[in-house]
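# Inside the fold
Below are the chains, spelled out letter by letter.
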Amino acid sequence: MWAAGGGRESAAAAVLRVLLIATACGLVFALLHLPLPDGHARSAGPGGRIREARRLSVVTEEIDGQTDETASEEDERISKSPPDTKEKIWMMQDQLIMAKAYLHFASPQGSVHLVRELNVRIKEIERAISHSSGGTHVPGSALQKMKAMEMTLSKSQRTYPRCSQMTSKLRAMMHNSEELVRAHQSESSFLEQVAVRTLPKGHHCLAMQLTAEYFSLDPIKREFPKRDSMQLDGYYHYAIFSDNVLASAVVVNTTIAASKDPGRIILHIVTDALNYPAMMMWFLTNPPTPAAIKIKSLDDLKWLPGDFSSRFKLKGVRDPRYTSALNHLRFYLPEVFPSLSKVVLLDHDVVVQNDLTGLWYLDMKGKVIGAVETCTSSEGFHRLDSLVDFSNPNIFNKLDPKACAFAFGMNIFDLNEWRKQDLTTTYHKWFQLGKIQKLWKAGSLPLGQIIFYNRTLPLDRRWHVLGLGHDFSRGRDELESASVIHYSGKLKPWLEISIPKYRDYWNRYLNYDKPHLQQCNIHG
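Here's what I pulled together on the structure shown here. Once a new chain begins, its residue numbering starts again from 1 and follows that chain's sequence as written. Since the coordinates come from a predicted model, pLDDT governs what is reported: local features require at least 70, and pairs of side-chain atoms require 80 or more to be given and counted, while whole-chain, interface and lining totals use all residues. As a rule here, side-chain values cover all heavy atoms of the structure and leave hydrogens and water aside.

### Considerations on the overall build of the protein
Numbering goes from the N terminus for both helices and strands, where a helix is a DSSP run of H or I of at least four residues and a strand is a run of E of at least two. For the protein, the helix and strand inventory stands at 21 helices and 10 strands. Under the scheme applied here, a residue whose accessible area is under 20% of the maximum for its type counts as buried, over 50% as exposed, and between as partly exposed, the area being computed with a 1.4 Å probe on protein chains only. The proportion of buried residues among the 524 residues of the protein is 50%. It only takes one pair of heavy atoms within 4.5 Å for two residues to be counted as in contact. Within the protein, contacts between residues separated by at least 24 positions form 76% of all contacts whose residues are at least 6 apart in sequence. Accessible areas in this description were obtained via Shrake-Rupley with a 1.4 Å probe; residue shielding takes into account the shown protein chains only. Summed over its atoms, the accessible surface of the protein is roughly 25,400 Å², and 54% of this surface lies on carbon and sulfur atoms.

### Observations regarding helix α20 (residues 500-507)
Burial in α20 covers these residues: Y502, Y505, W506 and N507. Tucked into the core, α20 has its buried residues touching α10 (245-258), β5 (350-352), α19 (476-480) and β10 (484-486).

### What to know about the packing of α10 against helix α11 (residues 276-285)
Note on geometry: axes are lines fitted to C-alpha atoms, helical ones only across the stretch in contact, with angles between N-to-C directions running from 0 to 180 degrees. Relative to each other, α10 and α11 sit at 40 degrees, their axes nearing to 10 Å. On the basis of their axis angle, the class for α10 and α11 is oblique. α11 is crossed by α10, and the crossing has right-handed handedness. Note on element contacts: α11 touches α10 through A278, M279, W282 and F283, opposite V245, L246, S248, A249 and V252. Residue classes in the contact of α10 with α11 are distributed as 8 nonpolar, 1 polar and no charged. Under this scheme an angle from 65 to 115 degrees is roughly perpendicular, one under 35 degrees roughly parallel, and one over 145 degrees roughly antiparallel; angles in between are oblique. Two helices that cross are described as forming a left-handed crossing if the nearer one is turned anticlockwise from the farther one by less than a right angle, and a right-handed crossing if clockwise. Three categories are distinguished: nonpolar for Ala, Val, Leu, Ile, Met, Phe, Trp, Tyr, Cys and Pro, charged for Asp, Glu, Lys and Arg, and polar for the others, with Gly belonging to the last.

### Here we look at the packing of helix α17 (residues 423-436) against helix α18 (residues 444-451)
Orientation of α17 relative to α18, taken along the N-to-C sense of each, is 125 degrees, at an axis distance of 10 Å. As the angle between them shows, α17 and α18 are arranged oblique. Between α17 and α18 lies a crossing whose hand is right-handed. The residues of α18 that touch α17, namely those facing L423, T426, Y427, W430 and F431, are L447, I450 and I451. Partitioned by chemical class, the residues of the contact of α17 with α18 number 7 nonpolar, 1 polar and no charged.

### Things to note about the packing of aromatic side chains
Paired rings are identified among Phe, Tyr and Trp, the last through its six-membered ring, by centres lying within 6.5 Å, and are further divided according to the angle between planes into stacked (under 30 degrees), edge-to-face (over 60) and tilted (the rest). Under the criterion given, the structure shown has 16 aromatic pairs. On the numbers, 4.7 Å between centres and 15 degrees between planes, the contact of F331 with Y427 is stacked. You can see F331 sitting in the loop between α13 (325-328) and α14 (333-336) and its partner Y427 sitting in helix α17, a full 96 residues away along the chain. Members of the aromatic cluster, connected to one another through ring pairs, are W303, F308, F331, Y332, F406, F408, F413, W418, Y427, F431 and F452. A ring is considered to have a charge above it if a Lys NZ or an Arg CZ atom is located within 6 Å of its centre and within 35 degrees of its normal. Cation over ring: R222 sits above Y214, and NZ or CZ is 5.3 Å from the ring centre.

### A closer look at the sheet that holds strand β7 (residues 410-414)
Between any two strands, pairing holds if DSSP finds at least two bridges. If you trace the 7 strands from one edge of the open sheet to the other, you get β3-β2-β1-β4-β7-β6-β8, paired in mixed fashion. Two strands close off the open sheet at either side, each with one partner strand: β3 (292-297) and β8 (456-458). Neighbour-to-neighbour, the strand axes of this sheet turn through a mean angle of 25 degrees, independent of strand direction. Sheet analysis places strand β1 (residues 236-241) next to strand β4 (residues 342-346), joined by 2 bridges and oriented parallel. By the bridge assignment, Y238 is partnered in β4 with V344. α10 contacts β1, β2 (265-271) and β4 of the sheet and is inclined by roughly 170 degrees relative to β2. Across the sheet, α11 is in contact with β2 and β3; its angle to β3 comes to roughly 170 degrees.

If you want it as structure tokens, here you go:
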């Protein structure tokens, strides 16, 4: 659905460019004076005019109902042809464009014989292009069809010589194209936002079932087995702040599977009050042995500000990635874990592929957070000036606009250094400034760039590969060598709109044969 929507927008945009040129009729004249395919050179060469004609060809195919995928396949076949063959195929495409244009502009009172002849020639040239694409030469029959089309086009020029009539029709087409573009853009944006903000029906079913089962348990059985060393630094502590049961399950499963010493792992999940029963029931039913787990609700953190769950909602911003209180809980890590000196915080849209124990033994060099930088990656946000407003003196006088931005999603925090530098107070000061005037973009990432400015230890990029929720270009080698892969972006792996080639990296860590998933019709 998305590909088709994008194709229509691209086609309409190309039509708009072409129409402005065609109104002067210069393109019409140039295309009608194509040389016969006898080997003579073209005056314009295969550069500008041919490339424009090829773009027009794709537009025409869209009008006739062909898809972007079909055009791409044809372009790929043509690209494999020898130069002489490609040149002749492009000449045929030029002829096809002009023939379809004349057919479109022909009035009902026009020549019936000419319309029939144009239709026949169009079909002949389309077949000739299809047979010639990817081949080593253009068959002689195709050359004959090109000559026949040239004669028909000359006849059409004599029949429809008035440029002003074409101009008025082109203007009408341009207006219709603009309206079509606006309609498709609005529809695509709306549907994408609905898909991003709405969990699949099976996930709602799962949450309901788990919640009902949790409250049916004897209160004594609603707790995990006690573990005396739960807060000791002799263990590796991983934190996950999430309201998504299955996403959290994948992070837990992969962290344990990748660890060389899972018995020394303690997992800490913080969720909201609504999803707390379902989260508890899932891990009571599927304990992450040999690791230990502890789950809290935001309501258990009594020291949080009274408006914490609602204070991040912004007018006009509905994306939960930006408005979720759980996303902003990262700025209270020392208070959430008062007994810990270090913790690794994992977003719920990551998959852990390699042992992360090495993070605990990094020399933090007095820095508070370890993170992968994004200024040379394909992430959309590269440097600070793309995230914060440097027109404001509060920002301009304290930060470098060209400083490299870092990524959230997989981070090691030195909580002792955090406490020493009193960064929670720093956070509160900046947050209050941001309430008075807009200083940064929505979400926790821009504010994090300010709080941890000059307090970040850059990590090797292999620790954390981002972009699987929006970037289609990630290669297999890059993904499989990464310690953590991150579905940053809108196209989360549990949504139907996720990127298909990345889905299995997430799906393989869920057992879809489990009764809860079967009953709610959740499949990989």
